[in-house]
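Observations on the model geometry
Chain by chain, the residues run as shown.
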Amino acid sequence: MYFRVNLLYMVTLWIVVGIILLLAGIVGCILPFLPGPPLCYLALLVQQFNTESPFTASFMWIWAGITLLVVLLEYFIPIYGTRRFGGTKYGMWGSTIGLLAGLWFGPLGIVIGPFMGAFVGEMLATQDSSTALRSAWGSFVGFLFGTLLKLIVCFVMGWYLIKYAYVTIIA
């Protein structure tokens, strides 16, 4: 009986740690200085420390790949959005440089940096403010799409964690 009670405490502890990591990951989808999807993946990974691993190895490898893909796409989607909305190489480079410069100015810099970089790059290339603004808008739309993608991935991982917690503790 004593062993079973201690085991339940450990399982509960790992689930609580996982939920804290999950919540931090969801916040990290909005705030760029927290790595959202990697924290949510870590929440799933922590559950593997339980006595019975709740997730298969193939499940964990698939989610590791999805997490890595989302993290990489997070940086390339604003650049693609710039190109898709009519930006030139100057706008794409401006968006990239703006993103890198924006990293130094916190969350607002990461949102505004690619937008301003694409705008300045297009202004240098074409001197047409309409084209430059459209390209900068593409960068901003790409940023919003990347954030939405991160949120979707984190909520799906969260669903798996909550489902496991429910089955383990409540049911």
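As a reminder, the structure under discussion sits directly above these lines.
Residues numbered from 1 in each chain as written. Predicted model: local features only at pLDDT ≥ 70, side-chain atom pairs only at ≥ 80, totals over all residues. Heavy atoms only, no water.

**Notes on the overall build of the protein**
Note the cut-off: Put simply, DSSP H or I for four residues or longer makes a helix, DSSP E for two residues or longer makes a strand, and each gets a number counted from the N terminus. What the globule rule says is 2.2 Å times the number of residues to the power 0.38, and the radius of gyration is computed from C-alpha atoms. Exposure categories follow from relative accessible area, calculated using a 1.4 Å probe and restricted to protein chains: below 20% of the type maximum is buried, above 50% is exposed, and the middle band is partly exposed. Any pair of residues with heavy atoms lying within 4.5 Å of one another is described as a contacting pair.
In terms of helices and strands, the protein carries 6 helices and 0 strands. What you see in the protein, going N to C, is helices and strands ordered as α-α-α-α-α-α. Relative to the globule expectation of 16 Å for 171 residues, the C-alpha radius of gyration of the protein, 21 Å, shows a markedly less compact shape. Expressed as a percentage of the 171 residues in the protein, the buried residues total 38%. Considering only residue pairs separated by 6 or more positions, the protein has 63% of its internal contacts joining residues 24 or more positions apart.

**Looking at helix α2 (residues 36-46)**
Note on helix geometry: an α-helix contains 3.6 residues per turn, so any two residues three or four positions apart are oriented the same way. Among the 11 residues of α2, 8 are classified as buried, and the element is accordingly described as predominantly covered. Of all the residues in α2, the buried ones are G36, P37, L39, C40, Y41, A43, L44 and V46.

**Description of a nonpolar patch on the surface**
Put simply, the rule is: Distance thresholds for patches are 9 Å for like charges and 5 Å for nonpolar side chains (Val, Leu, Ile, Met, Phe, Trp, Tyr), applied to residues having over 30% relative accessible area and no salt bridge. Note on areas: Shrake-Rupley with a 1.4 Å probe; residue coverage comes only from the protein chains shown. Throughout this description, the term salt bridge denotes a Lys or Arg side-chain nitrogen within 4 Å of a carboxyl oxygen of Asp or Glu.
Nonpolar side chains collect at one region of the surface, where L68, L72, Y75 and F76 lie side by side and expose about 430 Å² of accessible area between them. Structurally, F76 can be placed in helix α3 (residues 57-84).

**Quick word on the side chain of T147**
Take T147: it is sitting in helix α6 (residues 129-170). T147 has contacts with C29 and I30, leaving out every residue within four places of it along the chain.

**What about the packing of helix α5 (residues 106-126) against α6?**
How we decide: Angles here are taken between N-to-C directions and fall from 0 to 180 degrees, while the axes themselves are lines fitted to C-alpha atoms, restricted in helices to the stretch in contact. Should an angle fall under 35 degrees it is taken as roughly parallel, and over 145 as roughly antiparallel, whereas 65 to 115 is taken as roughly perpendicular and any remaining angle as oblique. Should the near helix be turned anticlockwise from the far one by less than a right angle, the crossing is termed left-handed; should it be turned clockwise, right-handed.
For the pair α5 and α6, the least separation of the axes is 8 Å and the interaxial angle reads 155 degrees. Judged by the angle between their axes, α5 and α6 are roughly antiparallel. α5 and α6 meet at a crossing whose hand is right-handed. Of α6, the residues touching α5 (which contributes I110, V111, P114, F115, A118, F119, E122, M123 and T126) are S129, T131, A132, L133, S135, A136, W137, S139, F140 and F143.

**Structural notes on the nonpolar core**
Nonpolar side chains in soluble globular proteins tend to end up buried together. Where we set the bar: Here, the term nonpolar core denotes a set of buried Ala, Val, Leu, Ile, Met, Phe, Trp, Tyr and Cys residues that are joined through side-chain atoms within 4.5 Å.
Ranked by internal contacts, the top residues of the largest apolar core, which has 24 residues, are L44 and M157. When residues of this core are traced back to their parent elements, those giving at least two are α1 (2-30), α2, α3 and α6. Among all residues touching L44, those that are not within four sequence positions of it are F55, F59, M60, M157, Y160 and L161.

**Some details on the pattern of salt bridges**
Considering all chains together, one arrives at 1 salt bridge under this definition. A salt bridge links E74 to K150, with the shortest nitrogen-to-oxygen separation between them at 3.0 Å. Separated by 76 residues along the polypeptide, E74 in helix α3 and K150 in helix α6 bring together distant segments of the chain. What makes E74 partly exposed here is its relative accessible area of 22%.

**A few points about the packing of aromatic side chains**
Put simply, the rule reads: We call Phe, Tyr and Trp rings a pair once their centres come within 6.5 Å, taking the six-membered ring for Trp, and we label the pair stacked below 30 degrees between planes, edge-to-face above 60, and tilted otherwise.
Following the criterion strictly, the structure yields 7 aromatic pairs and no others. Ring centres of F59 and Y160 lie 4.9 Å apart, and the angle between their planes is 75 degrees; on these two criteria the pair is classed as edge-to-face. With F59 in helix α3 and Y160 in helix α6, the pair connects residues that are 101 residues apart, well separated along the chain. Note on F59: relative accessible area 16%, which makes it buried. Where W159 meets Y160, the ring centres are 5.1 Å apart and the plane angle is 70 degrees; that geometry is what we call edge-to-face. Relative accessible area serves as the criterion here: at 26%, Y160 is assigned to the partly exposed category. Each member of the aromatic cluster is reached from another via a ring pair, and the members are F55, F59, W63, W159, Y160 and Y164.

On their own, these measurements won't tell you what the molecule is for.
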